[in-house]
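# Structure assessment
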Amino acid sequence: MSKLKSIQRSGTLAWSSADDKPALLAVGTVAGAIDDSFECTAHLEIFNLDLASPNPAMPLLGSATTSERFQRLAWGAGTNTADYPYGVLAGGMVDGSIKIFNPAKIVGGAAEDSVVATMDKHRGPVRGLEFNWNQPNLLASGASDADMYITDLANPAAPTFYSPGQRQGGGPADITCCAWNRKVHHILASTTNSGQTVVWDLKLKRPVISFNDPNNKTQRNSVVCWNPEVATQLIVASEDDNYPLLQMWDLRNAFAPVKDLRGHTKGILAASWCPFDNGLLLSAGKDNRTLCWDPLNGVVLCELPASANWNFDVQWSPRMPAVLSTGSFDGQVAVYSLTDTAPPVETWQSHAGAEPSFAARRAPKWLQRPSGATWGFGGQLVTFGTPPTLPAGQGLAPPRVHHFLVATEPEVVQRAQALQAALDSGDVNAYCVSKVTAAEATGDATDRAVWGLLGVLSSDDARQHLINYLRIDADGVSPVATPEPLANGASGEEVVDNRLDDMSMDIAAAMSLAQLTLVDGGLTLEAMETDPLAISQTNSGSLLARPPPLPPAPASIEPVVEAQLRRLLVRGSFEAAVDLCIEHGHMAEALALAASGGPELWAKARDRLLASHPAPFMRVLGAVVHQSFGQLVDESSLAHWRETLAILNTYAGDEELAPLCNRLALRLQSEEGDKATAMLCFLRAGNINPPHSLLRRTFILMGAHSL
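An account of the accompanying structure is given in this report. (Residues numbered from 1 in each chain as written. Predicted model: local features only at pLDDT ≥ 70, side-chain atom pairs only at ≥ 80, totals over all residues. Heavy atoms only, no water.)

## Looking at the nonpolar core
Our working rule: For the purposes of this section, nonpolar cores are sets of buried Ala, Val, Leu, Ile, Met, Phe, Trp, Tyr and Cys residues that join through side-chain atoms within 4.5 Å. Buried, partly exposed and exposed residues are distinguished by accessible area as a fraction of the type maximum, computed with a 1.4 Å probe on protein chains only: under 20%, between the cut-offs, and over 50%, respectively. Helical segments are the DSSP runs of H or I of at least four residues, strand segments are the runs of E of at least two, and each set is numbered from the N terminus. A contact between two residues is defined here by any heavy atoms of the two lying within 4.5 Å.
Counting residues in each nonpolar core, the largest one holds 30 residues, and the members touching the most others are Phe629, Trp641, Leu645, Leu664, Leu668 and Cys681. At the level of secondary structure, the elements contributing two or more residues to this core comprise α4 (445-457), α5 (462-469), α13 (629-635), α14 (641-651), α15 (654-672) and α16 (675-684). The contacts of Leu664, once residues within four sequence positions are left out, are Val633, Leu638, Trp641, Thr644, Leu645 and Cys681. Within the second largest apolar cluster, 28 residues are counted, among which are Val184, Val223, Val236 and Ile268.

## Structural notes on the environment of Ser425
What counts, and what does not: N or O atoms closer than or at 3.5 Å make up a polar contact, with two conditions inside protein: a donor-capable atom paired with an acceptor-capable one, and, for residues adjacent in sequence, both atoms drawn from side chains.
Turning to its location among the elements, Ser425 is positioned in helix α2 (residues 410-425). In terms of polar contacts, Ser425 uses its side chain to reach the backbone carbonyl oxygen of Ala422, at 3.2 Å.

## Considering the environment of Ser163
Among the secondary structure elements, Ser163 is positioned in the loop between β13 (160-162) and β14 (175-180). Look at Ser163 and you get partly exposed, because its relative accessible area is 35%. Taking the C-alpha atoms as reference points, Ser163 and Ile150, separated by 13 residues in sequence, lie 5.9 Å from one another. Here Gly165 takes part through its backbone nitrogen, which lies 3.2 Å from a polar atom of the side chain of Ser163.

## Brief notes about the sheet that holds strand β23 (residues 281-285)
The test is simple: In this description, strands pair whenever DSSP reports at least two bridges between them. Only C-alpha atoms enter the line fits that serve as axes; for helices the fit covers just the stretch in contact. Angles between N-to-C directions range over 0 to 180 degrees.
Taken in spatial order, the four strands of this open sheet run β22-β23-β24-β25, and their pairing is antiparallel. Looking at the sheet topology across the chains shown, the edges are occupied by β22 (268-273) and β25 (299-303). Taken pair by pair, the neighbouring strands of this sheet meet at an average axis angle of 30°, ignoring direction. As judged from the four bridges shared by β23 and strand β24 (residues 290-294), these two strands associate in the antiparallel manner. Bridge pairing in β24 places Leu281 opposite Trp293.

## A short note on the sheet that holds strand β26 (residues 311-316)
Pairing in this open sheet of four strands is antiparallel, and the strands run β1-β28-β27-β26 from one edge to the other. Each edge of the sheet is formed by a strand with only one pairing partner; in this case those strands are β1 (2-7) and β26. Neighbour to neighbour, the strand axes of the sheet diverge by 20° on average, direction disregarded. Across five bridges, β1 lies against strand β28 (residues 332-337) in antiparallel orientation. The residue of β28 that forms the bridge with Lys3 is Tyr336.

## Description of the pairing of strand β2 (residues 11-15)
For a regular strand, side-chain orientation follows a simple rule: the groups alternate between the two sheet faces. Of all five residues in β2, five are buried; the element is thus mostly enclosed. When β2 meets strand β3 (residues 24-29), the two strands line up antiparallel, connected through five bridges. Counted as the bridge partner of Trp15 is Leu25 from β3.

## Focus: the side chain of Asn181
Mapped onto the elements, Asn181 comes out in the loop between β14 and β15 (187-192). Here the side chain of Asn181 touches Val184 through a polar contact of 3.0 Å, landing on its backbone nitrogen. Engagement of the side chain of Asn181 in a polar contact is seen with the backbone oxygen of Ala231, the distance being 2.9 Å. When residues no more than four places from it in sequence are discounted, the contact partners of Asn181 are Asn134, Ile187, Trp226 and Ala231.

## A few points about unusual backbone geometry
Phi is positive for Asn288, close to 70°, though the residue is something other than glycine. Note that Asn288 resides in the loop between β23 and β24. Of note in the backbone geometry, Ala322 takes a positive phi value of approximately 75° without being a glycine. With respect to the element layout, Ala322 can be found in the loop between β26 and β27 (323-328).

## A closer look at the pairing of strand β7 (residues 88-93)
The element β7 is extensively covered by neighbouring structure, given that six of its six residues are classed as buried. Alternating residues of β7 divide into Val88, Ala90 and Gly92 and Leu89, Gly91 and Met93, and every residue in both groups is buried. Sheet topology note: the strand β6 (residues 70-76)/β7 ladder contains six bridges and is antiparallel. Considered in β7, the bridge of Leu73 is made with Gly91. Both β7 and strand β8 (residues 98-101) contribute to a ladder of four bridges, which runs antiparallel. Across the sheet, Ala90 pairs through a bridge with Ile100, a residue of β8. What sits between the antiparallel neighbours β7 and β8 is a turn of four residues, in which Gly96 has the positive phi angle 95°.

## Quick notes on the layout of surface pockets
Empty pockets left among the atoms are what a rolling probe the size of a water molecule brings to light. The condition that has to hold: Grid points spaced at 1 Å and placed over the protein atoms alone form the basis of the search, with a cavity being a set where a 1.4 Å probe fits but cannot get out and a pocket an open set showing protein on both sides within 12 Å along at least five of seven lines. Lining residues have an atom within 4 Å of a point. Grid points are joined across faces, edges and corners, and a volume is the space filled by probe spheres set on the points. Side-chain classes follow a simple rule in which Ala, Val, Leu, Ile, Met, Phe, Trp, Tyr, Cys and Pro form the nonpolar group, Asp, Glu, Lys and Arg form the charged group, and the remainder, Gly included, forms the polar group.
In this structure, the second largest pocket encloses a volume near 790 Å³. Lining the second largest pocket are 40 residues, with Leu129, Glu130, Trp133, Arg182 and Gln315 sitting closest to its centre. Elements with a contribution of two residues or more to the lining of the second largest pocket: β2, β6, β10 (128-131), β14, β18 (221-226), β22 and β26. For the lining of the second largest pocket, a count of residues per class yields 27 nonpolar, eight polar and five charged.

## Side note on the pattern of salt bridges
Between side chains of opposite charge, a pair can form as their charged atoms come close. What counts here: Here, a salt bridge means any side-chain nitrogen of Lys or Arg that lies within 4 Å of a carboxyl oxygen of Asp or Glu.
Counting across every chain of the model gives 11 salt bridges. A salt bridge links Arg9 to Glu45; the shortest N-O distance between them is 2.7 Å. Placement of the pair is Arg9 in the loop between β1 and β2 and Glu45 in strand β4 (residues 42-48), with a sequence separation of 36 residues. Owing to a relative accessible area of 29%, Arg9 belongs among the partly exposed residues under this scheme. Judged by its relative accessible area of 9%, Glu45 falls in the buried class. Here Asp241 and Lys286 are joined by a salt bridge, their closest N and O atoms 3.6 Å apart. Placement of the pair is Asp241 in the loop between β19 (233-238) and β20 (245-250) and Lys286 in the loop between β23 and β24, with a sequence separation of 45 residues.

From the geometry alone we can't say anything about function, so treat these as descriptive.
Printed below as a string of structure tokens:
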């Protein structure tokens, strides 16, 4: 909970019950308290909560001076909205009178005319005072000698009175609280300082039941309040320091309480049951504490910051969920909210009876959706909602859930059911095969490609099967992608530099540069280099910023060079020897020397060869060696996207494979406009939400009949 506002007052409180003015709070100077200046005058003040202002104090809208102090305040909505736009305020005074105020006069600056009527029916302090929740013109009041009266304020200036009936037995006692039933309008409860609680029926004009705790005949009750949702349940609080507890009673069995709520260490002076959620109850007492309970489970949810003196008043706002007010004898009125994020456990007040964790915490009911609907697969619709309230006394009906099948296109529903059955059985591959067969029958190449790829991806060995799907044979050659002819009719392979043969290296030797081994049926890198490949900004399509070509390798090592190499080897200068070999074009010798000079020297010689060799294969090998697949995707020829996808599928790790395939798909989409191929790469990436334009055009290409 967080504090919203506070003022320095010792006053009894009442929230506005008007729908259009819920943020008004009335404060009446409480009896039994005096400030440091020994001020003896009493005031009725109206404050505005003003949540829009960052000022922690509440602005005062108006004040009226009274001759007596207040025991209780009640604010009713009233029935005459023209003359009483703010409703009606009733004050139970210490001298036994009840004063009726027009709060509109107080707010409007005419405080001297704010007292509408004064009723002198009681003989002692009026501690029980409440307006009927459903008939706001009815005001119940109780005071000494168990006097109970019902006042009709249909005309506040001329109120009428009648008694709810004659209390039976129990002896003289002072009424400490009265409360109207929230569900049954003509039922009223009152409790006394002798421990007796009486339930009145205004239609019968007599009490219908009375009870007290059979285990504590001397209990002094201070509060009674009804469950806002269950008509037969109520809470009775004890102000006895020896029995500081709240008792939940159910009138269907009034011989003993249903449960006891124990958490306070001294007597309880005030309690309030939340009108928006019957799982929230506030209590305040002589131990200076204000607790928030889950009365249905009998546990303490949290505690407000402790005050320096007794807390004698606590109330939920009747119009604003999650807002509550407290009053204490330390001279402070505070307003709190439950809606803020809960702080860590250690910041809550610790107390006996509190749960050590947040196991009992839950979202309040006013945050629950009263109704809703959601669509399911295959045209299924599920709705939920709360039905009308059951007859009086039977509580609320349980929520209802309805399931509908909205089939506007039966063929689509059948296909959806077939797909759902495949997902449930786990045989997705067979479903994809059936879709491929159907696509072949209709001649839909895009459907065949998409479902074929989905079948591959749903198989156990998806990576290996994808190579077969891309038509990459065992030798790494794609039969589909033939070399493009050059302008002079020669193929691209014929113009590749033959320096590989000049250096006595074949394909197997070149692959050994990457130090590849066969692991679990696939090729993986044993040694990775962290230096990224340099990207050429001027030579589009190259994977390496190529240094000057290596000089042609001579048939044999020149004597002068050989003598220098001998001297360097004698001194162990392998790095200088490697540089000398590279300088004179002896690449094979450089690699042999680098193998003896350690991993770093080997990597340097290898990278020099990869960067300088003109063969396209060597540049692709460089990307594999350095794991620079992003650069490979960005600079590879889109005409050979199959080979690029196969390389990614073979060598890329699980975490980077999907982003790389997605990257390749975006290139195919933007540069080539190949929507169908881009969709295949998106599917391999697991991206089912490609850009809207691609998805829309792809669906048009695939046809409305395809799932």
